[in-house]
Amino acid sequence: MRLPAALCLLMFGGLAFADDMPTFRVELKDGTLTPTRIVAPAKTKFRIEVINTGKTPAEFESLPLRKEKVLAPGVKSSVVVMGASPGEYPFFDDFHPQARGVIVVK
């Protein structure tokens, strides 16, 4: 049985575009964040890859974006932001509150 081309596009068309999403990497390492500033596009879905390269647990958190991710040492994960409005959105490591950064959405 052959599926019509239009049905195939509806079912699988989004898979090809998943890797086209803008992606930004944040490294958490025992109380430091790198980078501390990310510039992301407004009204566009984007991904933040978070990696804990430190020896202690870390938690990426952004209260205004309502995102948080706890990572054990050596763990990599991501959060997806769905079309944020222009503005500045602070983020921090909840286990190391001195480690702070900002996502600038333009």
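Structure: above.
Residues numbered from 1 in each chain as written. Predicted model: local features only at pLDDT ≥ 70, side-chain atom pairs only at ≥ 80, totals over all residues. Heavy atoms only, no water.

Visitor: What is the right way to look at the pairing of strand 4 (residues 46–52) in this model?
Guide: In the case of a regular strand, side chains alternate between the two sheet surfaces. Counting buried residues along strand 4, six of its seven residues qualify, which places the element largely inside the surrounding structure. Note that strand 1 (residues 23–29) and strand 4 share six bridges and pair parallel. Of the residues in strand 4, the one forming a bridge with leucine 28 is asparagine 52. Sheet topology note: the strand 4/strand 7 (residues 76–81) ladder contains six bridges and is antiparallel. Of the residues in strand 7, the one forming a bridge with glutamate 49 is serine 78. (Buried < 20%, exposed > 50% of the residue type's maximum accessible area, 1.4 Å probe, protein only. Helix = DSSP H or I, 4+ residues; strand = E, 2+ residues; numbered from the N terminus. Pairing = 2+ DSSP bridges.)

Visitor: Explanation requested: the sheet that holds strand 7 in the structure shown.
Guide: Whether parallel or antiparallel, the strands of a sheet pair through hydrogen bonds between backbone atoms. Taken in spatial order, the four strands of this open sheet run 2-1-4-7, and their pairing is mixed. Since the sheet does not close on itself, it has two edges, and those belong to strand 2 (32–34) and strand 7, each with one partner. Along the sheet, successive strands turn relative to each other by an average axial angle of 25°, direction set aside. Summarising the sheet, strand 1 and strand 2 pair through three bridges and their orientation is antiparallel. Looking across to strand 2, one finds that leucine 28 is bridged to leucine 33. (Axes fitted to C-alpha atoms, helices over the stretch in contact; angles between N-to-C directions.)

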